[in-house]
Amino acid sequence: MSLRLTRRAGLLGSLAAPFVARTAFAQTETIRIGTLTPLTGAGGAYGPAMVKSIRAVVEKVNANGGVLGRQVEIISEDDETNPDAGVRAARKLIDVNKVVAILGTWASAVTTAVAPLCWENKVMLFTVSGGDGITRLPHQGYIIRTQPDSALQAERSGKFMLDQGAKRIAALSAQTPFAASTYATQSRVVAAGGGMSVGDIIYDATKTSFRTEVDQILKLNPDTLFLNSYQPDLAVLLRDLYRAGFEGKRFTLGYAANDKLLASVPQEVTEGLISYAPSPDLDSPAFKQVQAVIGANPDPYSCQTFDHASLAILAIAKAGTASGPAIHDAVRAVGNPAGQPVSDILEGLKLIAAGREVNYSGASGPCKFTAIGDISGCKFRFDKVEKGQNKLIELS
Amino acid sequence: MTSYLAAMAVFAGLYALMALGLNLIWGLAGMINLGLVGFYAIGAYTTALLSVKLGLPPLLTIVLAACLASLTGGIVAIVTARLKGDYLAIVTLGFSEVVRLVASNEIWLTGGTSGVSNVPGLPRGLLSAGEVNIAYAVLTWIAVVAAALALGQLSASPFGRVLRAIREDEMVAMVAGKRVLRFKVQAFMVGAFVLGGAGALYAHYVSYVAPDAFLPLITIYVVLALTAGGTGTMRGALLGSLIVVTLTEGTRFLGAALPDLSPVRIAALREGAIGVALILVLTFKPQGLLPETPARFTPEPT
């Protein structure tokens, strides 16, 4: 019995140690920013690169002396693509690490679950989630979303499919908060443009085969399929469509048709796949910086989190204090249309230090936000896969 | 820090409640229920929908939620009456997935994958954000202690003895004149009541329910908690849930200790650590850390 007690005491002691270390850490002068991305689970394919591009921004700022004379510390947590784990991770970031902002929440369910913690504790939340309901939460301005909401995306993609000669469009969608609304909006746009939406199937993305879904949708005889998927399920879906002999056009989303997909699926299967994404500003120096960190074709999320970090740091510089409310108040001011156009964080910091107005436009686009935190004025890019490579066919 | 620990105490308490509910169904009655997250989800959705859509007071909706989960538990027990062991495990696992898929697809009722947000909780105006967490931790653990005492009483009562008899040998219990099915259904209903209650508390604490929160992973965590703590005892369930939350959340602090590792590696390491802990417990303490010590009948030497 006495042995057991000692063991238990030892266990408790070793568990307490990191807490003690953390508290000591918290007294230094760093500005702490949290990242909450999926590193495991369904979103595990995206989170690592998102963190990488955030770290790139922060390392650059730190190497140049930090912001307001203080170093920026990034604390990265894994939301496990699960709202439950996301809430616990966010609690740690907010209560223990005392972060001023949380960057990069990806799954809409995680963002919705974490958002109340953020606005209650006055921590700024930057997200890439597309769910329409997110910016309609009573968030008091504590949410900034760099992903266009699904209504805008659906409208653009619907028009583009018509332009490409689509007459009978069907959709296969992973079960997401925006699956049904995307199809509804697309149908409206397509009908107005003389096309026809022949039906949609919502599938469970964790399935390992989609033969049933593919057979069902092909019965409707579509000439164009819209695949509202993520990368792992798209890989399976494309193979099943290929096996079924579907020869019509296939449209999907940029984050699904990424390099990882093209590397894992044979060329003849992906040939001709068209994808669209809110376009990063391809000529902007910020985008080139993301390319340098992530690779030639960074996915839209990495570009967006790059901007999350830049916006948060610029807002801190602009406000002159590092806190959630400070970022909340200043995040739109660093995109002042009357200011000096800037896309490099160091240049921006320099101008702000000199008391000038800046107009930040980043890797993901112009970074202008509406009153409820949605992105406005965003370009879209359309890519077509040729011989296993994405080729830009339109930017508008 | 205090409010973080309080928040973790809430989650540990929720796991403890689930482990207690599971303990009655599995630990005592021997029915392997891998569908517990389904009952948890039913509890969470019921209270969320009743309080958001109908505006009923949370105290009432929590009780209604637990009752509905209990009723579902009774139905599941009757439907699966002839199943045992692995087969029961598979069917109950299927049940929880059915609940989750219904929640994802019946958009008119559950909001689909967008879930139900703004579930009312404790009034935020009166208490600061930190105090709210502490209040929740206290409330959750009051529920845990109440459930542990009540279930402990039940387990020590003749009812508990019959359940253990059914677990050891159903035929013997039947021969002894016990109506096995009735006892099984009752055990399932009481267990599911606690599971549903845990789900309801969760919904009001997090203020948001969505299908993604009810993945089979939670079932695995709770089964792990009960296995590590010791099946069949209430204190085993409590200890086990504390261990699981310490493992899953404590490992988040690995990051500070290992600054050279990338966040992805740390995430993988966390999952690995949880797996290794389970293997160690099962290897060295297969009965759990606080195993059941049954009062054995020792025949006198003749």
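Data block above holds the structure.
Residues numbered from 1 in each chain as written. Chains lettered and ligands numbered in written order. Predicted model: local features only at pLDDT ≥ 70, side-chain atom pairs only at ≥ 80, totals over all residues. Heavy atoms only, no water.

S.K.: Any chance you could break down the overall build of chain B for me, citing the residues and the numbers?
M.R.: Across its full length, chain B holds 13 helices and two strands. Relative to the compact-globule value of 19 Å for 302 residues, chain B shows a C-alpha radius of gyration of 20 Å, a close match. Along the longest, intermediate and shortest principal axes, the C-alpha atoms of chain B span 70 × 50 × 35 Å. Counting across all 302 residues of chain B, residues that qualify as buried make up 50%. (Helix = DSSP H or I, 4+ residues; strand = E, 2+ residues; numbered from the N terminus. Rg over C-alpha atoms; globule rule 2.2 N^0.38 Å. Buried < 20%, exposed > 50% of the residue type's maximum accessible area, 1.4 Å probe, protein only.)

S.K.: Account for the overall build of chain A, with residues named and values stated.
M.R.: Secondary structure summary: chain A contains 14 helices and 16 strands in total. For a compact globule of 396 residues, the expected C-alpha radius of gyration is about 21 Å, and chain A comes in at 22 Å, within 12% of that figure. Based on the C-alpha atoms only, the size of chain A along its principal axes is roughly 70 × 65 × 40 Å. For chain A, the residues scored as buried account for 59% of the 396 residues in total. Taking the contacts inside chain A whose residues are at least 6 apart along the sequence as the reference set, 66% of them involve residues at least 24 apart. Summed over its atoms, the accessible surface of chain A is roughly 14700 Å², and 55% of this surface lies on carbon and sulfur atoms. Of the charged side chains in chain A, 40 are positive and 37 negative, and the gap between their average positions amounts to 3 Å. (Contact = heavy atoms within 4.5 Å. Areas by Shrake-Rupley, 256 points an atom, 1.4 Å probe, with all protein chains shown as cover. Lys, Arg positive; Asp, Glu negative; His and termini not counted. Charge placed at Lys NZ, Arg CZ, Asp CG, Glu CD.)

S.K.: An account of the pattern of salt bridges is needed here, citing residue identities and associated values.
M.R.: Residues and elements named next belong to chain A. Following the criterion strictly, the structure yields 19 salt bridges over all chains and no others. In this structure, the salt-bridge partner of lysine 60 is aspartate 344, at a minimum N-O distance of 2.7 Å. Of this pair, lysine 60 sits in helix α2 (residues 47-63) while aspartate 344 sits in the loop between β11 (340-342) and α14 (345-353); the two residues are 284 residues apart in sequence, bridging distant segments of the chain. Overall, lysine 60 belongs to the partly exposed group, its relative accessible area being 26%. Notably, a salt bridge pairs glutamate 213 with lysine 207, separated by 2.8 Å at the nearest N-O pair. What makes lysine 207 partly exposed here is its relative accessible area of 33%. (Salt bridge = Lys/Arg side-chain N within 4 Å of Asp/Glu carboxyl O.)

S.K.: Talk me through the sheet that holds strand β9 (residues 249-253) of chain A; I want residue IDs and the actual numbers.
M.R.: All names here are of chain A. An order of β7-β6-β8-β9-β10-β15-β16 is seen for the seven strands of this open sheet, with the pairing classed as mixed. Whereas interior strands pair on both sides, the edge strands pair on one side only; in this sheet they are β7 (196-203) and β16 (389-395). Geometrically, the sheet is characterised by an average inter-axis angle of 25 degrees between neighbouring strands, direction not taken into account. The sheet contacts of helix α6 (residues 179-192) involve β6 (168-174), β7 and β8 (224-228), and relative to β7 the element is tilted by about 175 degrees. Sheet strands in contact with helix α7 (residues 211-219) are β6, β7 and β8, and its direction is about 170 degrees off that of β7. (Pairing = 2+ DSSP bridges. Axes fitted to C-alpha atoms, helices over the stretch in contact; angles between N-to-C directions.)

S.K.: Go over the packing of helix α6 (residues 129-156) of chain B against helix α9 (residues 180-206) of chain B, please, and point to the residues and values.
M.R.: All names here are of chain B. At a closest axis distance of 12 Å, the pairing of α6 and α9 adopts a crossing angle of 180 degrees. By the angle between their directions, the pair α6 and α9 is classed as roughly antiparallel. Facing Asn133, Tyr136, Ala143, Leu151 and Leu154 of α6, the residues of α9 in contact are Val190, Val194, Leu201, His204 and Tyr205. Along the lines of polarity and charge, the residues of the contact of α6 with α9 split into eight nonpolar, two polar and no charged. (Parallel < 35°, antiparallel > 145°, perpendicular 65-115°, else oblique. Nonpolar A, V, L, I, M, F, W, Y, C, P; charged D, E, K, R; others polar.)

S.K.: Which residues make up the pairing of strand β2 (residues 72-78) of chain A, and what values go with them?
M.R.: Residue and element names in this part refer to chain A. Along β2, seven of the seven residues are buried, which leaves the element largely enclosed by surrounding structure. Relative to β2, strand β1 (residues 31-37) runs parallel, the two being bridged by seven bridges. When the bridges of β2 are listed, leucine 36 appears paired with glutamate 77. Handedness of the β1-α2-β2 crossover: right-handed. (Right-handed = clockwise from strand over helix to strand, strands pointing away.)

S.K.: So, the sheet that holds β1 of chain A: which residues are in play, and what are the values?
M.R.: Residue and element names in this part refer to chain A. Pairing is parallel in the open sheet, where five strands are placed in the order β2-β1-β3-β4-β5. One side of each edge strand has no neighbouring strand; the edge strands of this open sheet are β2 and β5 (143-145). Neighbouring strand axes in the sheet, compared pairwise and without regard to direction, differ in orientation by 20 degrees on average. With respect to the sheet, helix α4 (residues 108-120) is in contact with β1, β3 (101-105), β4 (124-127) and β5, its orientation differing from that of β4 by roughly 160 degrees.

S.K.: I'd love a proper account of α6 of chain A, names of residues and values included.
M.R.: Every α-helix winds through 3.6 residues per turn, so residues three or four apart in the chain are directed the same way. Residue and element names in this part refer to chain A. Between its first and last C-alpha atoms α6 spans 20 Å; for 14 residues at 1.5 Å apiece the expected length is 20 Å, and the two agree. Every buried residue of α6 is listed here: Ala179, Thr182, Tyr183, Thr185, Gln186, Ser187, Val189 and Val190. In this fold, the buried residues of α6 make contact with α5 (150-163), β6, β7 and β8. Where α6 ends, the next residue or the one after it, glycine 194, has phi of about 90 degrees, a positive value. (Expected span 1.5 Å × (residues − 1).)

S.K.: Requested: an account of the interface of chain B and chain A, with residues and values cited.
M.R.: The interface of chain B with chain A comprises 42 residues on the first partner and 39 residues on the second. Counting each side, the surface lost to burial between chain B and chain A is near 3500 Å², with a carbon and sulfur contribution of 60%. Its largest share of buried area at the contact with chain A, chain B owes to Met1, Arg252 and Phe253 of chain B, together 18% of the area lost on that side. Applying the counting criterion to the chain B and chain A interface returns four salt bridges. The partner of arginine 270 of chain B in a salt bridge is glutamate 80 of chain A, and the shortest N-O contact between them spans 3.1 Å. At the junction of chain B and chain A, the tally comes to 14 residue pairs in polar contact (both at pLDDT 80 or more). Where the side of chain B that touches chain A is concerned, the elements lending two or more residues are α1 (2-28), α4 (85-105), α6, α9, α10 (216-229), α11 (234-250) and α13 (263-284) of chain B. The element best represented in the side of chain B that touches chain A is α1 of chain B, accounting for seven residues. (Buried area = accessible area lost by both parts, 1.4 Å probe. Polar contact = N/O pair within 3.5 Å; in protein donor to acceptor, adjacent residues only side chain to side chain.)

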